[in-house]
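Descriptive structure summary
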Amino acid sequence: MLADRRAVRMSLLRWTVHLVTARDCVALRPVVQDVLERRLLGQFRRQLAGLDLAEVAGAGRALLEDGPLSPSRLGDALRERWPERERLPLALAVTARVPTVQPPPRGLWRTSGAALQTPADRWLGRDFDPADGSAPDAAVLRYLAAFGPASAGDVAVWSGLTGLRAVMDRLRPGLRVYRDEKGTALYDVPGAPFPGPGTTAPPRFPPQYDNIALSHADRARIVPRDLRAGQPLPGSGSNLLHDGFVHGLWRIRSARDAAVLHVHPHAPLDAGARKALAAEGERLLGFAAPEAAAREVRFTG
C-alpha cells in the first residue's frame with residue numbers, strides 16, 4: 001500500500017508519525033494543523049523567534065519540489081538563506097506548515113530507508129483543503145468508534161486538539177453518554193458494542209506506540225494501578241495485554257532460521273495466562289516470521 005501510494009507515513013496526531021490511508025491523510029492532516037504549529041513553537045519558539053514562518057515554509061516547499069530530502073538536508077539548504085539559524089528548527093518549521101509524507105522504502109515490510117520528506121499533495125496527486133468547522137467532528141467520531149466510551153480529555157490526549165468540549169457538546173445529541181465513577185461524562189457512538197464486566201479480553205501483543213496505550217487521559221484504563229514502581233509505561237516498549245491491561249513487554253529476536261518471542265511480564269502469571277499468551281505468541285510469530293524453521297515463545301520471570 002505504501003508503494004502504491006494508497007497509504008502514507010506522516011506526522012499527524014500529537015505530532016508523531018502515523019501510518020494512515022491516503023484518504024485519511026487528506027482528511028486528518030488539516031484537522032491537526034494547529035496542533036503541529038503549537039507544538040513546533042512550544043519546542044522551538046526561541047530558535048524561530050523573529051522569522052516569518054510562512055516565508056520559511058514557502059522556501060522549504062520549493063526545495064522539496066526538487067525531490068525528497070531528510071530533515072537535516074532540508075535544514076542545511078534553508079541555512080543558506082538563514083545562516084544564523086539552526087537547521088532542525090528550520091526543517092521542522094517547514095514540515096509543520098507543509099503536509100509532507102515519508103516515501104518508500106521508509107516503512108516497507110522487512111526493509112526501510114531514510115526518513116525523507118516530500119510534499120503530500122504531489123505524492124498523492126490530491127489537494128489539501130483547509131479544515132472546515134465540521135472536520136474535528138469527523139475525527140472525534142472516528143476516535144470514539146475505536147476507543148469509546150471516552151471523555152473530552154481522552155480525545156485531547158489522543159489528538160492533541162484543544163477546544164474539544166465545544167465539539168463534544170455539538171455532537172452530544174447523537175452520542176451515547178455515560179458517567180464514570182468520578183462523574184466525568186464519557187461519550188460513545190450509538191450501537192457500539194458494550195461488553196459486560198465479566199467479559200474476558202483475549203491476550204494481545206500490540207506494537208510499540210500503538211494508540212491503544214496512548215489514547216486515554218487516565219492510563220488506569222489500560223495500565224493496572226498496582227503496576228510496580230519503575231516498570232516501563234506504555235510507549236516505552238511493545239506492551240503485552242493480559243485481560244485487557246498492560247502486563248509486560250515483548251520483543252521478537254531472529255537469528256538465521258529461528259525466531260524467538262521474548263515475553264517479559266511485569267508480575268507473575270498463572271499457568272492459564274501463560275498458556276493463553278503462548279498461544280497468541282505463536283500466532284504472532286507465524287505472522288511476523290513465517291519463514292523461520294524454528295519459532296519459540298520464551299517467558300522471562
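You'll find the structure just up there.
As a starting point, this report considers the structure included with it. (Residues numbered from 1 in each chain as written. Predicted model: local features only at pLDDT ≥ 70, side-chain atom pairs only at ≥ 80, totals over all residues. Heavy atoms only, no water.)

**With respect to the packing of aromatic side chains**
Scanning all chains against the criterion turns up five aromatic pairs. Note on tryptophan 109 and phenylalanine 287: the rings are 5.4 Å apart at their centroids and 55 degrees apart in plane angle, and the pair reads as tilted. A residue pair is termed long-range when its members are at least 10 positions apart, and tryptophan 109 in the loop between β3 (100-101) and β4 (118-119) and phenylalanine 287 in helix α10 (residues 271-288) qualify at 178 residues. Here the two residues tryptophan 109 and phenylalanine 287 agree in accessibility, since each one is exposed. Ring geometry for tyrosine 143 and tryptophan 158: centres 4.9 Å apart, planes at 40 degrees, overall tilted. On the criterion of sequence distance, the pair formed by tyrosine 143 in helix α7 (residues 135-147) and tryptophan 158 in helix α8 (residues 152-159) is long-range, its members being 15 residues apart. Pairwise contacts between aromatic rings join Tyr143, Phe147 and Trp158 into one cluster. Sitting above the plane of the tryptophan 123 ring, arginine 5 keeps its charged end 3.4 Å from the centroid. One cation-aromatic arrangement involves arginine 274 over phenylalanine 299; the distance from NZ or CZ to the ring centre is 4.5 Å. (Phe/Tyr/Trp six-rings, centres within 6.5 Å; stacked < 30°, edge-to-face > 60°. Helix = DSSP H or I, 4+ residues; strand = E, 2+ residues; numbered from the N terminus. Buried < 20%, exposed > 50% of the residue type's maximum accessible area, 1.4 Å probe, protein only. Lys NZ or Arg CZ within 6 Å of the ring centre and 35° of its normal.)

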